[in-house]
Structures are given as structure tokens and as C-alpha cells.
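Breakdown of the fold
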Amino acid sequence: MRKTAVVTAGTAGIGLETALGLAASGFSVTVVGRNADRGARAVDRINAANPAHPGRFLSADLGSLDEVRALADRIASDYAASGKPLTVLVNNVGAMFPERLAMDGVEASFVVNHLSPYLLTELLLPTLTAGAPSRIVNVTSGAVVVAKRVFDAVEPPGGYYGFHWYGRAKLAHLAYTLDLATRLDGMGVSVFAADPGGAATDMTNGTLTDPKIVSPALRLLWPLVRRKFERSTAAPASVAARPSIIAATDEALTGRTGIVIGAQSRPVAPFRAATDPRVAEAVRRLSERHAPLVAA
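In this report, we go over the structure that sits alongside the text.

Basis of the calculations
Residues numbered from 1 in each chain as written. Predicted model: local features only at pLDDT ≥ 70, side-chain atom pairs only at ≥ 80, totals over all residues. Heavy atoms only, no water. Helix = DSSP H or I, 4+ residues; strand = E, 2+ residues; numbered from the N terminus. Buried < 20%, exposed > 50% of the residue type's maximum accessible area, 1.4 Å probe, protein only. Polar contact = N/O pair within 3.5 Å; in protein donor to acceptor, adjacent residues only side chain to side chain. Contact = heavy atoms within 4.5 Å. Expected span 1.5 Å × (residues − 1). Bend = angle between axes of the 7 residues up to and from the residue. Pairing = 2+ DSSP bridges. Axes fitted to C-alpha atoms, helices over the stretch in contact; angles between N-to-C directions. Core = buried A, V, L, I, M, F, W, Y, C linked by side-chain atoms within 4.5 Å. Phe/Tyr/Trp six-rings, centres within 6.5 Å; stacked < 30°, edge-to-face > 60°. Salt bridge = Lys/Arg side-chain N within 4 Å of Asp/Glu carboxyl O.

Observations concerning unusual backbone geometry
Of note, the amide linkage connecting Ala 132 to Pro 133 takes the cis form, showing an omega dihedral of 5 degrees. Summarising the element assignment, Pro 133 is placed in the loop between α4 (108-130) and β7 (134-139). Even without being glycine, Ala 9 reaches a positive phi, approximately 50 degrees. Tracing the backbone shows Ala 9 in the loop between β1 (4-8) and α1 (13-24). We classify Ala 9 as partly exposed; its relative accessible area is 28%. Backbone geometry places Asp 104, a non-glycine residue, at a positive phi of 55 degrees. Looking at where Asp 104 falls in the secondary structure, it is placed in the loop between β5 (102-103) and β6 (106-107).

Structure, rendered in C-alpha cells:
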């Protein structure tokens, strides 16, 4: 079977390294991003890694749910027209914001880190099911441990602290990932989470050294926290991409689902809060309310 993959935010950093790893493993890879110049450079590198299966770039702003819907329609239509299966979707997109922003009227961190990949995944499920056996890989983060576990609304109570809100959005997406694995069990679509650990990327460079992104209580420990961040974000993006590549390609994972691949590229126990069915149900209701599959 022809192996094909879509990697979001795949034109630089961990996403590009994931795309290169998939190309080297024999996949035809489509990368999604906002910048056409970066997209062209990414495709050149993908083609160098696998000349037999040329890469492709699709432009989309994944902070816009309307553009996510258009992207999903384009991907589904292209694969249907070509007769080729879509066998891997890697939701690599992620962003942290030091100040509160809104996208589509919704807090930006929750949009980019959860609602956007949630919506793209749900809209592409028919295409992925038609391409089964197929895999969905959702990139998670160790930041889930600092998240408020309240999902009655998009925005948690209290002040805005970018790192904590990023972690909360990633927790929502991890809970969704594990819940989706249960939903799709037996349908030929395996669902995995991949934790890249830390890497020097556009998102971490400079952002994690600003103490305003964490709560005042954590700022008291900032010298220790900053050193930990500096160590955890020192790895190259190529190393941080390995968990996603393993999740997408490892034959030992065939037929398995609902597994978290940790930063050491081995299965690890999921963060307990993400396995709570009450959290999954709250995230499901919130997602359906703010990212309906059919635009209003």
C-alpha cells in the first residue's frame, strides 16, 4: 500500500523533522503551514530525503477554524480524486502566547493547541477510515502537569499565564486523543499521542524565559524553573521529532491504539487526568460547541 502522510506545522522545527523522517521511511508527505517560502524550502528538503515520492505544501492558517475546514475539504477531495489512501495524520501544530489573544473569538491557545487539530481530525476521519490501516498522531506536552483541569468553558478561572493555558489546551487534546482511540477501536485507525520533550524551536526560543508566562507562585521558583527549561529545550528538533516518527511508523505498534509515546521514544503511562472520563466528556462538549463540524 502507498504510504501517505499529512503533517501540520510541518515547514520548520519539529514538524519539518517529522516530515523528513516520514519521507525517509517511504511516505509521500504533505506539509501544512502559513508561509509559502518556508513551505517551498520544506518540500525541497523532503524531496531530497525521498526523491521517489515528491512532497507537497498546502497553505493554511491553523489558527482559523474556517481555514481548517477548507484544508480538510481540500485534503479529502485530493485523496478521493487520486484514489490514494491517507495513512497518517500528524497533528504537530502548537503555540504558546505570553499575552492573551483571541482567534475566531476564542482564546488563541485553546484554538491552536486543541480546537484546530480536533476539527481537522474529525473532518478527516472518513478519509483516514477509507485508508485503513491508518494512524493519527497528536503531539502532546509535559506542560499538561501545570494545567487547570476545569473545562466548563474555554477559558479557566483566574489570571492568564501562557504556560499554564498552553498546558490546559494540551491536556484537553490529550484527553480527546485517548477518548478518540476508544471511539475508533476496531475500525483500523490507530490513535497515538507523542511527547517531543523539549527542543530549541520558534515557540520555545525566548518565550519560556519570560516569567510572566507562569503563575506568581511558580515565579518564586523561577531560577530553578528557568534552568530546567533551558536544559529541556536544548535538544535539536530532529531528536524531539522521534516520538512522532515512531508513533507513525513503528511496526510494533500495528493494531495498537491509545498509547502515549514519551520523549524517550518509548510508550509511557498517560497523564492520569487525561484518562478521567469526566474530563473527556467535558472536553467533548466544549469542542463540539466551539468547533462544530459544520460551520454556522
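Examining the side chain of Ser 287
With respect to the secondary-structure elements, Ser 287 resides in helix α10 (residues 277-290). Within the structure, the side chain of Ser 287 is placed 2.6 Å from the side chain of His 114, a separation counted as a polar contact. Setting aside chain neighbours within four positions, we find Ser 287 in contact with His 114, Leu 115, Tyr 118 and Pro 292.

Structural notes on α4
Taking 1.5 Å per residue, 23 residues should reach 33 Å; α4 reaches 32 Å between its end C-alpha atoms and fits that length. Leu 124 marks the point of greatest bend in α4, at about 50 degrees, and the proline Pro 126 comes within the next four residues. In terms of burial, α4 is a largely internal element, 19 of the 23 residues being buried. A distance of 2.8 Å separates the backbone nitrogen of Ser 109 from a side-chain oxygen at the start of α4, and that oxygen is part of Glu 107.

Observations concerning the sheet that holds strand β3 (residues 56-59)
The eight strands are arranged β3-β2-β1-β4-β7-β8-β9-β10 in an open sheet whose pairing can be described as mixed. The open sheet is flanked by β3 and β10 (267-268), the only strands paired with a single partner. In the sheet, β1 pairs with strand β4 (residues 88-91) via three bridges, with the strands oriented parallel. When the bridges of β4 are listed, Val 7 appears paired with Val 90. Sitting on the sheet, helix α3 (residues 65-82) touches β1, β2 (28-33) and β3, and the angle it makes with β3 is about 145 degrees. On the sheet, helix α5 (residues 162-184) packs against β7, β8 (189-194) and β9 (259-261) and is oriented at approximately 160 degrees with respect to β8.

Quick word on helix α9 (residues 242-249)
Every buried residue belonging to α9 is among Pro 243, Ser 244, Ile 245, Ala 247 and Ala 248, and all of these are buried. Its buried side turned inward, α9 meets α1, β4, β7, β8, α8 (237-240) and β9.

Topic: the nonpolar core
Ranked by internal contacts, the top residues of the largest apolar core, which has 56 residues, are Leu 71, Ile 75, Phe 110, Leu 124, Ile 136 and Phe 151. When residues of this core are traced back to their parent elements, those giving at least two are α3, α4, α5, β8 and α10. Sequence-distant contacts of Ile 75, defined by excluding residues within four places in its chain, comprise Val 6, Leu 58, Leu 86 and Leu 124. Ala 42, Val 88, Val 137 and Ala 194 belong to the second-largest nonpolar core, a separate cluster that totals 22 residues.

What about the packing of aromatic side chains?
Per the counting criterion, the structure on display carries two aromatic pairs. On the basis of an interplanar angle of 80 degrees and a centroid distance of 5.1 Å, the ring pair of Tyr 118 and Tyr 176 is categorised as edge-to-face. Placement of Tyr 118 in helix α4 and of Tyr 176 in helix α5 is noted, with a sequence separation of 58 residues between them. The same class applies to Tyr 118 as to Tyr 176, namely buried.

Overview of the environment of Val 137
Checked against the element boundaries, Val 137 lands in strand β7. It is 6.1 Å that separates the C-alpha atoms of Val 137 and Val 191, two residues lying 54 residues apart in sequence. Setting aside residues up to four positions removed in sequence, Val 137 forms contacts with Leu 89, Val 90, Asn 91, Phe 192, Ala 194, Ser 244, Ala 247 and Ala 248.

Quick notes on the pattern of salt bridges
All chains considered together, the criterion is met by ten salt bridges. One salt bridge connects Arg 278 with Asp 276, and the closest N-O pair in it is separated by 2.9 Å. What makes Arg 278 exposed here is its relative accessible area of 67%. In this structure, the salt-bridge partner of Glu 281 is Arg 284, at a minimum N-O distance of 2.0 Å. Placement of both Glu 281 and Arg 284 in helix α10 is noted, with a separation of three residues, approximately one turn of the helix. Taken together, the shared-partner salt bridges in this structure form one network comprising Asp 179, Glu 281, Arg 284 and Arg 285.

So far we have only geometry, and geometry alone does not tell us how the molecule works.
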